[in-house]
Amino acid sequence: MPISAADLENAICAAMPVTHLEIEDTSNGCGENYSVFVVSPAFEGKNTLARHRFSECSVPPFSLVSQQRANNFPHQVNEVLKNEIAQMHAFSQKTLTPAQWEAQLARQG
């Protein structure tokens, strides 16, 4: 069964605080290839590989409570999306912190 962008959005937003999220079906609508761009404070202090693996058990908006949960409930992003990814042909992700996202926007603007 194909995965929808809404399925991915729900899984990602349930797993971590998200300040910006873009999901693109790169398979022309068949739901087999997705590219996601996630901006989250949960990625602070983590390298790219750790970001792709990291999420926290909280929902937006990011708060002190969700930050405390992040310290208590680390998970892997790939584990969070395990069922969805298993049904896809291809999955790519780009992850930034809010500060990196703001810097990228400033450079573009």
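Computed from a predicted structure; not experimentally measured. (Residues numbered from 1 in each chain as written. Predicted model: local features only at pLDDT ≥ 70, side-chain atom pairs only at ≥ 80, totals over all residues. Heavy atoms only, no water.)

A.B. asks: Before we go on, may I ask you to explain the side chain of Ser40 in this structure?
C.D. replies: Structurally, Ser40 is set in the loop between strand E2 (33–39) and helix H2 (48–53). In this structure Ser40 comes out as buried when scored by relative accessible area, which is 0%. Polar contacts involving the side chain of Ser40 include one to the main-chain amide nitrogen of Ala42, which spans 3.0 Å. If near-sequence neighbours (up to four positions away) are discounted, Ser40 is found in contact with Met16, Pro17, Thr19, Leu96, Thr97 and Pro98. (Helix = DSSP H or I, 4+ residues; strand = E, 2+ residues; numbered from the N terminus. Buried < 20%, exposed > 50% of the residue type's maximum accessible area, 1.4 Å probe, protein only. Polar contact = N/O pair within 3.5 Å; in protein donor to acceptor, adjacent residues only side chain to side chain. Contact = heavy atoms within 4.5 Å.)

A.B. asks: It is not clear to me how the sheet that holds strand E1 (residues 20–25) should be interpreted in this structure. Could you clarify?
C.D. replies: The strands making up a sheet associate through hydrogen bonds between their backbones, and the pairing can be parallel or antiparallel. Ordered in space as E1-E2-E5, the 3 strands form an open sheet in which the pairing is mixed. Only two strands of the sheet have a single neighbouring strand rather than two, namely E1 and strand E5 (90–96). Strand-to-strand, the axes of this sheet are offset by a mean angle of 10°, without reference to chain direction. As defined by bridge partners, E2 adjoins E5 across 7 bridges and the pair is classed as parallel. In the sheet register, Val36 faces E5, and the bridge partner there is Gln93. Where helix H1 (residues 5–15) meets the sheet, its contacts fall on E1 and E2, and the angle it forms with E1 comes to roughly 150°. On top of the sheet, helix H6 (residues 98–108) reaches E1, E2 and E5; it is set at about 90° to E5, its chief contact. (Pairing = 2+ DSSP bridges. Axes fitted to C-alpha atoms, helices over the stretch in contact; angles between N-to-C directions.)

A.B. asks: I would appreciate a short explanation of the environment of Gly45 in the present structure.
C.D. replies: Considering the arrangement of structural elements, one finds Gly45 in the loop between E2 and H2. With relative accessibility at 85%, the residue Gly45 sits in the exposed group. As a C-alpha pair, Gly45 and Thr97 span 52 residues in sequence and 8.9 Å in three-dimensional space.

A.B. asks: How should I be thinking about the pairing of E2 in this particular structure?
C.D. replies: Regular strands place their side chains on alternate faces of the sheet. Judged by how many residues are buried, E2 sits mostly within the fold: 6 of 7 residues are covered. Alignment of E1 against E2, held across 6 bridges, turns out to be antiparallel. If you follow Glu22 over to E2, its bridge partner there is Phe37.

A.B. asks: Would you mind going over the nonpolar core with me for this structure?
C.D. replies: One broad trend across soluble globular proteins is that nonpolar side chains are buried collectively. Ranked by internal contacts, the top residues of the largest apolar core, which has 13 residues, are Leu8, Ile12, Val18 and Val38. Listing elements by their share of this core, those giving two or more residues are H1 and E2. Per element, the largest residue contribution to this core is 4 residues, and it comes from H1. Dropping the residues within four chain positions of it, Leu8 is found in contact with Ile3, Ile23, Tyr34, Val36, Leu81, Glu84 and Met88. (Core = buried A, V, L, I, M, F, W, Y, C linked by side-chain atoms within 4.5 Å.)

A.B. asks: Looking at this model, I keep getting lost on the environment of Met16. Mind explaining?
C.D. replies: Note that Met16 resides in the loop between H1 and E1. With a relative accessible area of 3%, Met16 lands in the buried category. Residues Met16 and Pro41, 25 residues apart in the sequence, show an inter-C-alpha distance of 8.8 Å.

Any functional reading would require information beyond the geometric quantities listed.
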